[in-house]
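Residue-level structure breakdown
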Amino acid sequence: MTDNNSNSECDGNCKGCASATSCNDSQKAASGMQQKVEMNVKNVILVLSGKGGVGKSTVAVNLAMALSNKGYKTGIADADIHGPNIPKMLGIEDEKLNSYDGKHIEPVMLTGKLGVVSMAFLLPDKSSPIIWRGSMKNTAIRQFLEDVNWGDLDYLVVDLPPGTGDEALSIAQLAPNIAGAVIVTTPQEVAILDSTKSVKFIEKLGLKVLGIIENMSGLICPHCGDTIDIFGIGGGKKAADELSVPYLGRIPIDPDMRKAGDEGKPFIMRRDGTEQNKETWKHVDEVMENILLQINN
Ligand SMILES: Nc1ncnc2c1ncn2[C@@H]1O[C@H](COP(=O)(O)OP(=O)(O)OP(=O)(O)O)[C@@H](O)[C@H]1O
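Worth saying up front: this structure is predicted, and the values here are computed from it rather than measured.

How each quantity is defined
Residues numbered from 1 in each chain as written. Predicted model: local features only at pLDDT ≥ 70, side-chain atom pairs only at ≥ 80, totals over all residues. Helix = DSSP H or I, 4+ residues; strand = E, 2+ residues; numbered from the N terminus. Contact = placed C-beta atoms within 7 Å. Buried ≥ 20, exposed ≤ 12 C-beta atoms within 10 Å, placed from the backbone. Pairing = 2+ DSSP bridges. Near = placed C-beta within 6 Å. Nonpolar A, V, L, I, M, F, W, Y, C, P; charged D, E, K, R; others polar. pLDDT = per-residue confidence, 0-100. Core = buried A, V, L, I, M, F, W, Y, C linked by C-beta atoms within 7 Å. UniProt positions renumbered as here; feature names shortened; annotations may be inferred. Axes fitted to C-alpha atoms, helices over the stretch in contact; angles between N-to-C directions. Parallel < 35°, antiparallel > 145°, perpendicular 65-115°, else oblique. Left-handed = near helix turned anticlockwise from the far one by under 90°.

All right, on to the overall build of the protein then. On a plain count of helices and strands, the protein comes out with 10 helices and 9 strands. Intrachain contacts of the protein at a sequence separation of at least 6 include 75% that bridge at least 24 residues.

If you want it as structure tokens, here you go:
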């Protein structure tokens, strides 16, 4: 076994792993020997994608908000250590994490039923990069689960960075009661190819794929109501069928969705009654219901 973060050299069966003393956290993660943390959560939902910028955080905040609006006690763990955008999307980027006993961290409560933790709350300057190796990220993720006063949660929604790296592996191995993973993609071939990797990654870890969401799926023209295929339509459904995983639905490109993220007020809190808004709402509602159906399936 080497002393770096490579997982290719650690099979989890060497003497070091057996004695559990000589591997660093990342190697333990790679070998699958990390113990689940203890926390009172009924369902952990992972949100991931193969490619960046496809709408994971957008889906995560809307899903968490939808669940808490239904009365479920919900948490969001922003596990995108290098690019934590959840606080900005919820309009709480100036908040800080507090600790009353020096050990446990209080989540930032958006409402009585929705708490949030993110690296963004710990940064002195929002534009500072976080330059961390895998083992440090693993430790931070463990703390997000174990050291946060979440209370009893019905759902914990975890927003992951793109790809199948340290953060995804850490969460998959540390979090208890993982209901499954929602894979977000856009319709183009390159995004689909990368989301296929996400599906295989989740399956390899023995977790359930709740399904694929096709985001940015056509633009409904606000003037004529016609759909313009900017990135195409149907790639997510095709991928879901080919991979034999559920298709959770599609969300069109909607300028209001982008505004919602920029203004820190999630889309599902905006109902303006326009035809375009109603159409997007119909799709968002369908996607959220399908996720819940798959969890209870
Ligand atoms: N359906 C949509 N219509 C319009 N804009 C959208 C839509 N979905 C997401 N966006 C916008 O696209 C941008 C990227 O979305 P988001 O940050 O959710 O992606 P991400 O996959 O989490 O990104 P990253 O890989 O950087 O974490 C944001 O500005 C968001 O508001």
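Moving on, there is more to tell.
Another point: the pairing of strand S9 (residues 247-253). In terms of burial, S9 is largely enclosed, as 5 of its 7 residues are buried. Pairing of strand S7 (residues 209-220) with S9 involves 5 bridges; the strand directions are parallel. Across the sheet, the residue bridging to isoleucine 212 is tyrosine 247, located in S9.

The full set close to the ligand counts 21 residues, and Gly52, Ser57, Thr58, Met257 and Gly261 are the nearest of them. Among the residues making up the shell around the ligand, the classes are represented as 7 nonpolar, 10 polar and 4 charged.

Moving on, we come to the confidence of the model for the protein. Low pLDDT means the predicted coordinates in that region are not meant to be read closely. On average, the protein scores 86 in pLDDT, and the residues at 70 or more come to 89%. Segment residues 1-23: pLDDT under 50, and 30 contacts once partners within four positions in sequence are set aside and those in other chains are kept.

This brings us to the nonpolar core. Counting residues in hydrophobic clusters, the biggest one holds 76 residues, and the most contacted among them are Leu46, Val47, Val157, Val158, Ile171 and Val182. Beyond its immediate chain neighbours, meaning those up to four positions away, isoleucine 171 contacts Leu46, Ala79, Ile141, Val158 and Leu160.

A few words on the pairing of strand S1 (residues 41-48). In terms of burial, S1 is largely enclosed, as 6 of its 8 residues are buried. Bridge count for S1 against strand S5 (residues 153-159) is 6 bridges, and the pairing is parallel. Residue valine 41 lies in a different strand from S5, and its bridge partner there is leucine 153. As defined by bridge partners, S1 adjoins strand S6 (residues 178-185) across 5 bridges and the pair is classed as parallel.

Okay, the UniProt feature "binding site: ATP" (unreviewed entry) in the protein next. Listed under "binding site: ATP" (unreviewed entry) in the UniProt record, and renumbered for this structure, are Gly50, Lys51, Gly52, Gly53, Val54, Gly55, Lys56 and Ser57. Along the polypeptide, lysine 51 turns up in the loop between S1 and helix H3 (56-69). For lysine 51, a count of 20 C-beta atoms within 10 Å translates into the label buried. Ignoring anything within four residues of it in the chain, the contact list for lysine 51 reads Pro162, Val190, Ala191 and Asp194. Tracing the chain through its elements places serine 57 in helix H3. Taking the C-beta count within 10 Å as the criterion, serine 57 has 25 such neighbours and is therefore assigned buried. With residues up to four places along the chain from it excluded, the contact list for serine 57 reads Asn85, Ile86, Met89 and Asp159.

Residues separated by three or four positions in an α-helix point in the same direction, a consequence of the helix having 3.6 residues per turn. The element helix H6 (residues 166-174) is extensively covered by neighbouring structure, given that 9 of its 9 residues are classed as buried. Of the positions making up H6, those classed as buried are Asp166, Glu167, Ala168, Leu169, Ser170, Ile171, Ala172, Gln173 and Leu174.

The N-to-C vectors of helix H5 (residues 134-146) and H6 enclose an angle of 40 degrees; their axes lie 9 Å apart at closest approach. One way to sum up the angle between H5 and H6 is to call them oblique. Note on packing geometry: the crossing formed by H5 with H6 is right-handed. From H5, Gly134, Lys137, Asn138, Ile141, Arg142 and Leu145 reach across to H6, where they touch Asp166, Glu167, Ser170, Ile171 and Leu174.

Within the secondary structure layout, isoleucine 213 lies in strand S7. On the neighbour-count criterion, isoleucine 213 (31 C-beta atoms within 10 Å) is buried. Spatially, the C-alpha atom of isoleucine 213 lies 9.0 Å from that of alanine 240, the residues being 27 residues apart in sequence.

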